[in-house]
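A closer look at the structure
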Amino acid sequence: MNEINDREKWVMKVTKRKRSSAFGLAAAAVLLAITAGCGGNAGVKETGAAAGQEKGAAAAAVKQVDVQFALDTAATGSPQSRVAVEQGYFGKNGVQAKTFDFPYGIDTLNALLVDRADVGSAADYALLNSLGKGDMVILGTLSRANDVSAKNSVLLVRSGIGSEQDLAGKKLGVARGTVFEYVWAKYLEKLGIPKDKVTYVNYSSPDEALVALKRGQMDAIWASGAVREKLKEVEGVKELVDSSKTGVYVKAFLVARRSFVEQHPEAAAGTLKALKEATDYIGGHKQETAQLLFNKIKLPQAGVLKDLEASAYVVGFTQEDYEHLSEMQKWLQEQGILKGTYDLKSKINVEPLKKALPESETYKP
């Protein structure tokens, strides 16, 4: 396994690092970065209410609870949370939001693990690999991939790869700890290409992947959103297939420290209410949302709009969501990827969701 960067150093420490690339990554060096650097704020970019973005009029009459959010900047860049800040939805629901930007969802979970943030989010695969490492709970589902959204995640390849079978013997880019590890595994399994016939090249940020692709250090990479558009600009790079060919449909989830939820159940419910309002807003204001993401983290509007049109943003938790996680957890255990065991049901707390949005919860523990 060829690693471009040593992400292990981020478990307990975040190295300060500024980003000004087109991806709009605020800082952080390693995937453990989404260790949502609240606390000392090293290696992260502070935005949102704490930076003066929250609209205070509606919030003034509501008792506020300070909540630290770790947001990822990949794909569409946590649009629900950013809209909730910009439109004042957090404030009106009793949440004084302080946000910090990091490359990927896995990084937001690491932030929770070291008590550097209260709330984060991540895709299913990264989530399941992290739940056993600390006392975190799933509060709800934020997005569910479908046939349309799956087509927005594409496999980009360099010249020399003309068909799927040509992937054998090649260097495949993957952000370690993210759902793309799962996508690659299931895709190669479907193609009948043994894992020992490929070489995985780890990267810690989209910028790093861009450099590796340009230098020929990787031959193929899955990408979506603004990252996809940027990587497509590399000379000789082309789309081969979209992720609907893998049979993998990704879901993303809202996660919080258990102690935070127990100490501030009203704030947890308020967070869910605010995110639901933001989700409804996005549905009717895609252009404005794309502009917001460009203003905040410099994501190219064209790519964001394309994803917003296809993505299925939600706030809820269903029995199907649980079964999706349960089946993936079983696969991870069978593959020897998931180290240790834990009771998935004990990592789910839908009480705040029941209080905030009872109609959106159908989970039967």
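The numbers attached to residues start from 1 for each chain and follow its sequence in the written order. A pLDDT threshold of at least 70 governs which residues receive local features in this predicted model, and a stricter bar of 80 or more applies before side-chain atom pairs are shown or counted, although totals over entire chains, interfaces and linings include all residues. Excluded from the side-chain calculation are hydrogens and water; included are all heavy atoms of the structure.

Examining the packing of aromatic side chains
To keep things clear, this is the line we draw: What counts as a ring pair is set by centres within 6.5 Å for rings of Phe, Tyr and Trp (its six-membered ring), and what kind of pair is set by the plane angle: stacked under 30 degrees, edge-to-face over 60, tilted for all other angles. Only DSSP runs of H or I with at least four residues qualify as helices, and only runs of E with at least two residues qualify as strands; both kinds are numbered from the N terminus onward. Any residue under 20% of the maximum accessible area for its type is buried, any over 50% is exposed, and the rest in between are partly exposed; the area is computed with a 1.4 Å probe on protein chains only. The criterion for a charge sitting over a ring is simple: Lys NZ or Arg CZ within 6 Å of the ring centre, and within 35 degrees of the ring normal.
According to the stated counting rule, one finds ten aromatic pairs in the structure shown. Considering the side-chain rings of Tyr182 and Trp331, the 4.9 Å spacing of their centres and the 80° angle between planes classify their relative orientation as edge-to-face. Highlighted residues: Tyr182 in helix 6 (residues 179-191) and Trp331 in helix 13 (residues 319-334), separated in sequence by 149 residues. Judged by its relative accessible area of 10%, Tyr182 is buried. Given a relative accessible area of 10%, Trp331 falls into the buried group. Across the ring face of Phe294, the terminal group of Lys298 is positioned such that the distance to the ring centre comes to 4.9 Å.

Some thoughts on unusual backbone geometry
Not every positive phi belongs to a glycine, and Asp115 is a case in point at roughly 60°. Positionally, Asp115 belongs in the loop between helix 3 (105-113) and strand 5 (119-123). Residue classification places Asp115 among the exposed residues on the basis of a relative accessible area of 55%. If you check the backbone angles, Lys298 has positive phi at about 60° while not being a glycine.

Overview of the pattern of salt bridges
Selection rule: Each salt bridge in this description consists of a side-chain nitrogen of Lys or Arg and a carboxyl oxygen of Asp or Glu lying within 4 Å of one another.
Tallied over the entire structure, the rule returns 16 salt bridges. The shortest N-O distance in the salt bridge between Lys230 and Glu233 comes to 3.5 Å. Under the relative-accessibility criterion, Lys230 is labelled partly exposed at 27%. A relative accessible area of 58% means that Glu233 is categorised as exposed. Across the pair Asp280 and Lys276 runs a salt bridge whose closest N-O atoms are separated by 2.9 Å. Of this pair, Asp280 and Lys276 both sit in helix 10 (residues 265-284), four residues apart, roughly one helical turn. Overlapping salt bridges bring together Arg144, Lys251 and Asp321 as one network.

Some words on the side chain of Ser153
Going by this rule: Contacts between residues were defined by any pair of non-hydrogen atoms, one from each residue, lying within 4.5 Å.
Along the polypeptide, Ser153 turns up in the loop between helix 5 (147-150) and strand 7 (154-157). Not counting residues within four places of it along the chain, the set of residues in contact with Ser153 comprises Phe180, Trp222, Ala223, Ser224, Asp242 and Ser243.

Details of the environment of Ala226
Here Ala226 is to be found in helix 8 (residues 225-231). We classify Ala226 as buried; its relative accessible area is 0%. Counting along the chain gives 152 residues from Ala226 to Ala74, while the straight-line C-alpha distance between them is 7.7 Å.

Examining the packing of helix 10 against helix 11 (residues 286-297)
We apply this condition: Axis geometry follows a simple rule: fit a line to the C-alpha atoms, using only the stretch in contact for helices, then measure angles between N-to-C directions, giving values from 0 to 180 degrees. Orientation labels follow simple angle bins: below 35 degrees gives roughly parallel, above 145 gives roughly antiparallel, 65 to 115 gives roughly perpendicular, and whatever is left gives oblique.
It is the contact of helix 10 with helix 11, at a shortest axis distance of 5 Å, that shows an interaxial angle of 110°. By the criterion of interaxial angle, the relationship of helix 10 to helix 11 is roughly perpendicular. Contacts between helix 10 and helix 11 pair Tyr281, Ile282, Gly283 and Gly284 from the former with Lys286, Glu288 and Thr289 from the latter.

As for the pairing of strand 6 (residues 136-144)
On a regular strand, one side chain projects to one face of the sheet and the next to the other, so that they alternate. Keep this limit in mind: Think of it this way: DSSP has to see at least two bridges between two strands before they count as a pair.
Of all nine residues in strand 6, eight are buried, a share of seventy percent or more. Summarising the sheet, strand 6 and strand 13 (residues 313-316) pair through two bridges and their orientation is antiparallel. Considered in strand 13, the bridge of Thr141 is made with Gly316.

Considerations on helix 6
In plain terms, the rule: For a helix, the expected span equals 1.5 Å multiplied by the residue count minus one.
An ideal rise of 1.5 Å per residue puts 18 Å on 13 residues; helix 6 measures up with 18 Å between its terminal C-alpha atoms. Just downstream of helix 6 lies Gly192, where phi reads positive at about 80°.

Examining the confidence of the model for the chain
The criterion, for reference: Confidence scores labelled pLDDT are given residue by residue by the predictor and lie between 0 and 100.
Here the chain averages 85 in pLDDT, while 83% of its residues score no lower than 70. Below pLDDT 50 for its whole length, residues 1-54 participates in 190 contacts with residues either more than four positions away or in separate chains.

Comments concerning the environment of Thr246
Here is the rule we go by: The term polar contact refers here to a pair of N or O atoms within 3.5 Å; inside protein, the definition further demands a hydrogen-donor-capable atom paired with an acceptor-capable atom, and it admits residues adjacent in sequence only when both atoms are side-chain atoms.
Within the secondary structure, Thr246 is located in the loop between strand 11 (238-242) and strand 12 (251-257). As a C-alpha pair, Thr246 and Val183 span 63 residues in sequence and 6.8 Å in three-dimensional space. A distance of 3.0 Å separates a polar side-chain atom of Thr246 from the backbone nitrogen of Val248.

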